[in-house]
Amino acid sequence: MTPVNTRCLIIGSGPAGFTAAIYASRANIAPLLYEGHQPGGQLTTTTEVENFPGYPEGIQGPQLMEDLRKQALRFGADIRTGVITSVDLSSRPFKAVASDGTEITAESIIISTGASARYLGLPDEKKYQGLGVSACATCDGFFYRNKRVAVVGGGDTACEEALYLSGLASDVFLIVRKPHLRASKVMQQRVLDNPKIKVLFNTNTTGLFGEEYLEGAHLVENVGTENEQHFDIAIDGFFLAIGHQPNTKLFPGVATDEQGYIVTDLPTTATNIPGVFAAGDVADPVYRQAITAAASGCRAALDVERFLMANPL
Ligand code: NDP
């Protein structure tokens, strides 16, 4: 493979990565962007996006990402399908290797690798993936009209997903490991007031079952106490909503907070390594929206432009 030198390597292709590519291209930086495992990022697994400004009628997630990609290409971004498999940030220019073997040297890097949904870690989750197990109610809820579903988690995401599913499914169980919800009060109230949602407090999932498709879950209530009780529920859909894990494994030297999100020197997108910037969900434990990711991609590209001017190689 021919080695590639770039002034800016962008890793990841969600709204943050593509927006960074648009801005960096228009600044004549000629960025190289690797799309990663899920080209287009999390929005490609959603259906309609109604809150991205500029689309009064809403837009399909995959279409929005395709449009952002085309916009970056129009200004000359070098967008490649593939995954960056290793990165050496010990000195500038930084070094990286892509899954096709391409060796890259980069004067700067924008990390926009996003975050991935957390799973419980049960082997059954893999077995029924796509056959009843999902980590995105808005993507897959449609398939569960008039069926029985469960959502795992007690935070705002879990409550939001349970409420969303209550508009489609016949019954929704919310499986919460603690005796209380962690979500905001208003979300808690909406869930508790919803006649279709049954909250199972102090409950953990121990396994899933079903012939071909998911048919139910094995649960345990009050685990480890004298009131421990094992029981099953019949469900067709099992939705994980137990938080997200920022994708930072590739970057061991980059400082993260206790949840694993990359720490940036706000209001900039600079990380602890000069020349390395982070944008989007990988550095955002709070907002995690397409529009905030896009905005931070813009900031990262502007930060790169200034950095390259001040630190020429
Ligand atoms: P949170 O971290 O807030 O909640 C995760 C939930 O999953 C908690 O109830 C946690 O339980 C539970 N959980 C974690 N691990 C396990 C496990 N192994 N087994 C069972 N349950 C588990 O994540 P969210 O994604 O809900 O929210 C992330 C951030 O985004 C929050 O700041 C939230 O407020 C925000 N958000 C805001 C929204 C809005 O305002 N509309 C919508 C969605 C998210 P426990 O409580 O026991 O730790």
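Here the structure is shown first, and the text comes after it.
Residues numbered from 1 in each chain as written. Predicted model: local features only at pLDDT ≥ 70, side-chain atom pairs only at ≥ 80, totals over all residues. Heavy atoms only, no water.

Novice: When you look at the nonpolar core in this model, what are you seeing that I'm missing?
Specialist: General note: in soluble globular proteins, nonpolar side chains tend to be found buried as a group. Counting residues in each nonpolar core, the largest one holds 32 residues, and the members touching the most others are Ile 10, Ile 110, Phe 277 and Val 304. Elements represented by at least two residues in this core include exactly α1 (15–26), α2 (61–74) and α7 (290–310). No other element matches the 8 residues that α7 contributes to this core. For Ile 110, the residues in contact, after removing those within four places along its chain, are Cys 8, Leu 9, Ile 10, Ile 11, Ala 20, Phe 277, Ala 279, Ala 300, Ala 301 and Val 304. Of all hydrophobic cores here, the second largest spans 23 residues; its members include Leu 9, Tyr 34, Ala 106 and Val 254. (Core = buried A, V, L, I, M, F, W, Y, C linked by side-chain atoms within 4.5 Å. Buried < 20%, exposed > 50% of the residue type's maximum accessible area, 1.4 Å probe, protein only. Helix = DSSP H or I, 4+ residues; strand = E, 2+ residues; numbered from the N terminus. Contact = heavy atoms within 4.5 Å.)

Novice: Please explain α1 as it appears in this structure.
Specialist: Counting along an α-helix, one turn takes 3.6 residues, and residues three or four places apart therefore face a common direction. Between the first and last C-alpha of α1 there are 17 Å, a value that for 12 residues agrees with the 16 Å anticipated at 1.5 Å per step. Judged by how many residues are buried, α1 sits mostly within the fold: 10 of 12 residues are covered. Those residues of α1 not exposed but buried are Pro 15, Ala 16, Gly 17, Phe 18, Thr 19, Ala 20, Ala 21, Ile 22, Ala 24 and Ser 25. Elements that come into contact with the buried residues of α1 comprise β2 (9–11), β3 (32–34), α2, β6 (78–80), β10 (109–111) and α7. Just beyond α1, the residue with positive phi is Asn 28, at close to 65 degrees. (Expected span 1.5 Å × (residues − 1).)

Novice: I would appreciate a short explanation of the sheet that holds strand β17 (residues 216–221) in the present structure.
Specialist: Within a sheet, neighbouring strands are paired by backbone hydrogen bonds and run either parallel or antiparallel to one another. Judged by pairing direction, the sheet is antiparallel, and its 3 strands sit side by side in the order β16-β17-β18 without closing on themselves. The two strands at the open ends of the sheet, each matched to only one other strand, are β16 (203–209) and β18 (229–234). Ignoring which end each strand starts from, the neighbouring axes of this sheet average 25 degrees apart. Taken together, the 6 bridges between β16 and β17 define a ladder with antiparallel strand orientation. Opposite Gly 207, over in β17, you have His 218 as the bridge partner. (Pairing = 2+ DSSP bridges. Axes fitted to C-alpha atoms, helices over the stretch in contact; angles between N-to-C directions.)

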